[in-house]
Amino acid sequence: MDFKDIPRPSIRTWLVLLLAVALIPVLLFAIFAIEQISERDEQSVLRELRRRTQGVALILNGRLDAAVGTLNTLAQSDAATQGDERRLYNYAGRVLEQSPSYRAITLVDADGRMAFHTSMPYGQQTFSPFARDLIVKALETNQANVSGPFVAPISPKPVIAVTSPVNMAGESKKCLRIIVLSESINDILKQQKLPQGWIAGIVARNGTIIARTLDPDKYVGQRTSATVLDAINHRDTRLIQTLSLEGIHTTTAIAPIHNGDWYVGIAVPTDLLNKPGKDMAQKMLLLALAWVALSVIAAALLARYLSAQTRLVAAALVEDPTNIKDD
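Residues numbered from 1 in each chain as written. Predicted model: local features only at pLDDT ≥ 70, side-chain atom pairs only at ≥ 80, totals over all residues. Heavy atoms only, no water.

(A) Spotlight on helix 7 (residues 226–233). Within the sequence span of helix 7, burial applies to Val228, Leu229, Ala231 and Ile232. Seen along its axis, helix 7 keeps its buried residues to an arc of 160°; they face one direction. Pointing more than 90 degrees away from the buried face of helix 7 are the exposed residues Ala226 and Asn233. Tucked inside the fold, the buried residues of helix 7 contact strand 6 (199–204), strand 8 (240–243), strand 9 (249–257) and strand 10 (262–269). Looking at the residues trailing helix 7, positive phi occurs at Arg235, about 50°. (Buried < 20%, exposed > 50% of the residue type's maximum accessible area, 1.4 Å probe, protein only. Helix = DSSP H or I, 4+ residues; strand = E, 2+ residues; numbered from the N terminus. Arc of directions from axis to C-beta. Contact = heavy atoms within 4.5 Å.)

Structure, rendered in structure tokens:
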């Protein structure tokens, strides 16, 4: 085959190939830059996730420590040390007047008897206390603890109990309890003003949901997801991949509250976590496509111009062959 019969790329093809070779390094650098920026943004969101989780844990620890401090003050009163339950009932009533966030204060024992409930007149027949195992635990360990949510006969809304042992006439056989509405804990979560789409929740040691920013009326009192419960059981405070109760894939940070009686979890949907990187990649892709399209158009126009100039030169040489000089 004659060399001149071998098909050769047109000027337009050469220009397009040249532009492609020039664009490849730029595109590779752009991809690398997007990955680095996306990773940086993701790590920034995850740091914020941890910070907010720890912040909520600190706030709730402060609230619960304040409740325990109130119970300890009552436990050290002369009414408690002298075993005067009626006077202790009156003291508790005055405490509630100064602390409207508390629903009630009760005096209970491990046998399931309630000596008084401040929402009821003193001496009136009461009911058996809930979460009796926590009463026994408080008496055994001589330390305060916090319950999960329950519904008492005189409260249609879920409440939680902060339980602390008290020495009545020198014998530690009873506990004082502060009753708090679960929705007041939910209000604390709402006050955090989390980014849109984030989900926060408070879970008891046994996995029962105490408060939640998303659909609390539906989920308070229900069980948390198996992944979160497993992390709680193993005291795992690493970031974990979870599936929310709504079926949303999330990245979740968990922190213990009051020595692990409760846990706070804040989750960011995976789609939101990856959204900045995806948005940037889409913009870069559109920009690259637009640039390639403009480059192809420019190459086509330049090739057409060069071809026209080549034809003009060739025509001029054919018309006036004397312009061709021998070397």
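Moving on from the model shown.
(B) Summary view of helix 4 (residues 132–141). Within helix 4 the residues assigned to the buried category are Leu134, Ile135 and Ala138. Around the axis of helix 4, the buried residues are gathered within 105° of arc, so they sit on the same side. Projecting away from the buried face of helix 4 at angles above 90 degrees are the exposed residues Asp133 and Glu140. Asn142 occupies a position one or two residues after helix 4 and carries a positive phi of about 60°.

(C) Region of the structure containing the packing of aromatic side chains. One pass over the full model with this rule turns up three aromatic pairs. Consider the rings of Phe130 and Phe150, whose centres lie 5.0 Å apart with planes at 15°: the pair is stacked. Residue Phe130 is located in the loop between strand 2 (114–117) and helix 4, and its partner Phe150 is located in the loop between strand 3 (145–146) and strand 4 (159–168); the two are separated by 20 residues in the primary sequence. Under the relative-accessibility criterion, Phe130 is labelled partly exposed at 31%. (Phe/Tyr/Trp six-rings, centres within 6.5 Å; stacked < 30°, edge-to-face > 60°.)

(D) Broad picture of the nonpolar core. Counting residues in hydrophobic clusters, the biggest one holds 48 residues, and the most contacted among them are Leu88, Val162, Leu176, Ile202 and Trp262. Per element, the largest residue contribution to this core is 11 residues, and it comes from helix 1 (residues 11–75). Residues in contact with Ile202, not counting those within four places in the same chain, are Val56, Leu60, Ile185, Leu189, Thr208, Ile209, Ile210, Ala211, Ile257, Trp262, Tyr263 and Val264. Among the nonpolar cores identified, the runner-up in size contains 14 residues, and Val108, Phe150, Ala161 and Cys175 belong to it. (Core = buried A, V, L, I, M, F, W, Y, C linked by side-chain atoms within 4.5 Å.)

(E) Spotlight on a nonpolar patch on the surface. Taken together, the side chains of Leu294, Ile297 and Leu301 make up a nonpolar region of the molecular surface, amounting to roughly 310 Å² of accessible area. As for its position among the elements, Leu294 is in helix 8 (residues 270–319). (Patch = residues over 30% accessible without salt bridge, like charges linked within 9 Å, V, L, I, M, F, W, Y side chains within 5 Å. Areas by Shrake-Rupley, 256 points an atom, 1.4 Å probe, with all protein chains shown as cover. Salt bridge = Lys/Arg side-chain N within 4 Å of Asp/Glu carboxyl O.)

(F) Spotlight on the pairing of strand 2. Here strand 1 (residues 104–109) runs beside strand 2; their pairing, made up of three bridges, is antiparallel. Opposite Val108, over in strand 2, you have Met114 as the bridge partner. Hairpin connection of strand 1 to strand 2: four residues between the antiparallel strands, including Gly112 at a positive phi of 90°. (Pairing = 2+ DSSP bridges.)

(G) Local environment of the pairing of strand 7 (residues 209–212). Pairing of strand 6 with strand 7, which is carried by three bridges, proceeds in the antiparallel orientation. When the bridges of strand 7 are listed, Gly201 appears paired with Arg212. As consecutive antiparallel partners, strand 6 and strand 7 are separated by four residues, and within that stretch Gly207 has a phi angle of approximately 95°, a positive value.

(H) Geometry of the pattern of salt bridges. Summed over the entire model, instances satisfying the criterion amount to 10 salt bridges. A salt bridge links Arg51 to Glu48, with the nearest nitrogen and oxygen atoms 2.7 Å apart. Here the residue Arg51 and the residue Glu48 both occupy positions in helix 1, the gap between them amounting to three residues, near one helical turn. Taking the relative accessible area as the measure of exposure, Glu48 reaches 26% and is therefore partly exposed. The partner of Arg212 in a salt bridge is Glu246, and the shortest N-O contact between them spans 2.7 Å. In this pair, Arg212 sits in strand 7 while Glu246 sits in the loop between strand 8 and strand 9, placing the two residues 34 residues apart along the sequence. You can call Arg212 buried: its relative accessible area is 6%. Here the residues in one salt-bridge network are Glu48, Arg51 and Arg52, joined through shared partners.

(I) How the structure looks around the side chain of Ser244. Its place among the elements puts Ser244 in the loop between strand 8 and strand 9. Sequence-distant contacts of Ser244, defined by excluding residues within four places in its chain, comprise Ile199 and Arg212.

(J) Representation of the confidence of the model for the protein chain within the structure. Within the protein chain, residue pLDDT values average 81, and 73% of them lie at 70 or more. Averaged pLDDT values over the elements of the protein chain bottom out at 68 in helix 8 and peak at 94 in strand 3. (pLDDT = per-residue confidence, 0-100.)

(K) Layout of the sheet that holds strand 10. With antiparallel pairing, the five strands of this open sheet are ordered in space as 7-6-10-9-8. This sheet does not close on itself; its edge strands, each paired only once, are strand 7 and strand 8. Each neighbouring strand pair of the sheet contributes to a mean axis angle of 35°, computed without reference to strand direction. Packing of helix 5 (residues 182–190) onto the sheet brings it into contact with strand 6, strand 7 and strand 10, and relative to strand 7 it is tilted by some 40°. Against the sheet, helix 7 makes contact with strand 6, strand 8, strand 9 and strand 10, and its axis sits at roughly 140° relative to strand 8, the strand it touches most. (Axes fitted to C-alpha atoms, helices over the stretch in contact; angles between N-to-C directions.)

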